[in-house]
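# Close look at the chain arrangement
Spelled out, the chains give:
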Amino acid sequence: MQQSDAQRECVLILGDSQTEEMQGVMHSLQEVFGAAELVCVPRFSELKTETVQPELVVICQNWPDEFAGRTLTELVRRFPVSRFLCCYGVWCEADGRTRNFWPVSIRVPARAAEFRIRQEAEIIRGTAPAYPLTAGRDEIFHYQAASVSDRKGDCLQGKRVGVISGDPVYRRMLEALVQSRGALIASAARQAQADLWLYDLDPWDVVQSRLMLLGEHPVCIGMMGLAHPETITAARLLGVDAVVCKVAPEQELFQTISRTLQQATIPRADC
């Protein structure tokens, strides 16, 4: 049964959502809020003509000082019960130190926005607790670390996982993490028969040449320190099914593993 217009969720997207960096943000919004009305407003001044009451307001920030310092105050005044999320591009990485227009509680790198968008959807739908705009870094870390609403580690139970990394310490850490969820570690000699690869994509210049030489291989999730859009695109073209930032919460990794393994079981349509 379809939702009526009165019950339909609404997401307001403020800023330039058409840049390459924001394509992942838009894809995640469309996937997570599939039945919602997505309203795109390129400039803050154009909000005057909108009458929507969004559950979520997403700010696409592509460069520092793109928005005036009063923007968030005006948004909160206009949408007092909405959730807010500022997805920022690489040129805005230092804003947390040099500017304080956007509270740390709502800032997330555009390249790592998917997990946070899913969290916001859970909050809006009442299946996860919310933290306020005034939350500090320690509160946010505690919230993300304690969040178990979507623990999908059971998807690894009995699966053979090959962990490929030139960093022995990082490789052992990843192996221990997936083993804690029931995975079996595939030896180097048997990695081709694994159900899943976790592939360390750093340093990209070196790993890229290795990926070019790979033939058919299992489902592959890449781990990267700074996963910029152009690098993610290049990795996908070389057979990497998904890319996860190394510093993302571990829930994001397990969500990605679960989703990617499920997608791999769906038969591809013949062209």
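Above: the structure in question.
Let us look at the structure shown here. (Residues numbered from 1 in each chain as written. Predicted model: local features only at pLDDT ≥ 70, side-chain atom pairs only at ≥ 80, totals over all residues. Heavy atoms only, no water.)

### Structural notes on the overall build of the protein
Worth spelling out the cut-off: Secondary structure elements follow DSSP: runs of H or I no shorter than four residues count as helices, runs of E no shorter than two count as strands, and numbering proceeds from the N terminus. Both definitions apply: the radius of gyration is a C-alpha atom measure, and the globule rule equals 2.2 Å times residues to the power 0.38. We call two residues contacting when some pair of their heavy atoms lies within 4.5 Å.
Per the secondary structure count, the protein includes 9 helices and 10 strands. Scaling as 2.2 N^0.38, a compact globule of 271 residues should have a C-alpha radius of gyration of about 18 Å, and the protein matches this with 20 Å. C-alpha extents for the protein along the principal axes are approximately 60 × 45 × 45 Å. Expressed as a percentage of contacts within the protein between residues at least 6 apart in sequence, the contacts between residues at least 24 apart total 68%.

### Describing the sheet that holds strand β1 (residues 10-15)
How we decide: When DSSP locates at least two bridges between a pair of strands, those strands are taken to pair. Lines fitted to C-alpha atoms define the axes, with helix axes restricted to the stretch in contact, and inter-axis angles between N-to-C directions lie between 0 and 180 degrees.
Taken together, 5 strands build an open sheet; the order of strands is β2-β1-β3-β4-β5 and the sheet is parallel. The two strands at the open ends of the sheet, each matched to only one other strand, are β2 (37-41) and β5 (107-109). Mean inter-strand twist for the sheet, computed between neighbouring axes without regard to direction, equals 25 degrees. Note: strand β4 (residues 83-88) against β5, 3 bridges, orientation parallel. Residue pairing across strands places Cys-87 opposite Val-108, the latter belonging to β5. Strands in contact with helix α4 (residues 113-124) are β3 (56-61), β4 and β5; relative to β4, the strand with the most contacts, it is inclined by about 175 degrees.

### Section: the pairing of strand β8 (residues 196-200)
In summary, the side chains of a regular strand alternate between the two faces of the sheet. Heads up, the condition is: For every residue, the accessible area (1.4 Å probe, protein chains only) is compared with the maximum for its type, and the residue is labelled buried under 20%, exposed over 50%, or partly exposed between those bounds.
Across the 5 residues that make up β8, a large majority, 5, are buried. The alternating pattern of β8 places Leu-196, Leu-198 and Asp-200 and Trp-197 and Tyr-199 on opposite faces, both of which are buried. Of the strand pairs in this sheet, strand β6 (residues 160-164) and β8 are connected by 4 bridges, and their pairing is parallel. Following the sheet pairing, Ile-164 is matched in β8 by Tyr-199. Bridge count for β8 against strand β9 (residues 219-224) is 5 bridges, and the pairing is parallel. Bridge pairing in β9 places Asp-200 opposite Met-223.

### Observations regarding the packing of aromatic side chains
To keep things clear, this is the line we draw: Ring pairs shown here join Phe, Tyr and Trp side chains whose ring centres sit within 6.5 Å, with only the six-membered ring taken for Trp; geometry is labelled stacked below 30 degrees between planes, edge-to-face above 60, and tilted in between. In our convention, an over-ring charge means Lys NZ or Arg CZ found within 6 Å of a ring centre and within 35 degrees of that ring's normal.
Under the defined criterion, the tally for this structure stands at 2 aromatic pairs. Relative to Trp-102, the ring of Phe-67 has its centre 5.9 Å away and its plane inclined at 85 degrees; by these criteria the two rings are edge-to-face. With Phe-67 in the loop between β3 and α2 (71-78) and Trp-102 in the loop between α3 (95-98) and β5, this pair connects stretches of sequence that are 35 residues apart. For Trp-102, a relative accessible area of 6% translates into the label buried. A cation over an aromatic ring shows up here: Arg-107 above the ring of Tyr-88, its NZ or CZ 3.9 Å from the ring centre. The residue whose ring lies beneath Lys-246 is Tyr-170, and the NZ or CZ to ring-centre distance is 4.6 Å.

### Describing the pattern of salt bridges
Basically, it comes down to this: When a carboxyl oxygen of Asp or Glu lies within 4 Å of a side-chain nitrogen of Lys or Arg, that pair is called a salt bridge.
Applying the stated rule across the entire model yields 13 salt bridges. Residues Arg-259 and Glu-114 are paired through a salt bridge, measuring 2.6 Å at the closest nitrogen-oxygen approach. Remark: Glu-114 occurs in helix α4 and Arg-259 occurs in helix α9 (residues 250-264); sequence separation between them is 145 residues. Of the residues examined, Arg-259 reaches a relative accessible area of 17% and is grouped as buried. Note on Glu-114: relative accessible area 24%, which makes it partly exposed. Residue Arg-160 pairs with Asp-195 through a salt bridge whose shortest N-O separation is 3.6 Å. A residue pair is termed long-range when its members are at least 10 positions apart, and Arg-160 in strand β6 and Asp-195 in the loop between β7 (184-185) and β8 qualify at 35 residues. For Arg-160, a relative accessible area of 39% translates into the label partly exposed. Assessed through its relative accessible area of 28%, Asp-195 is described here as partly exposed.

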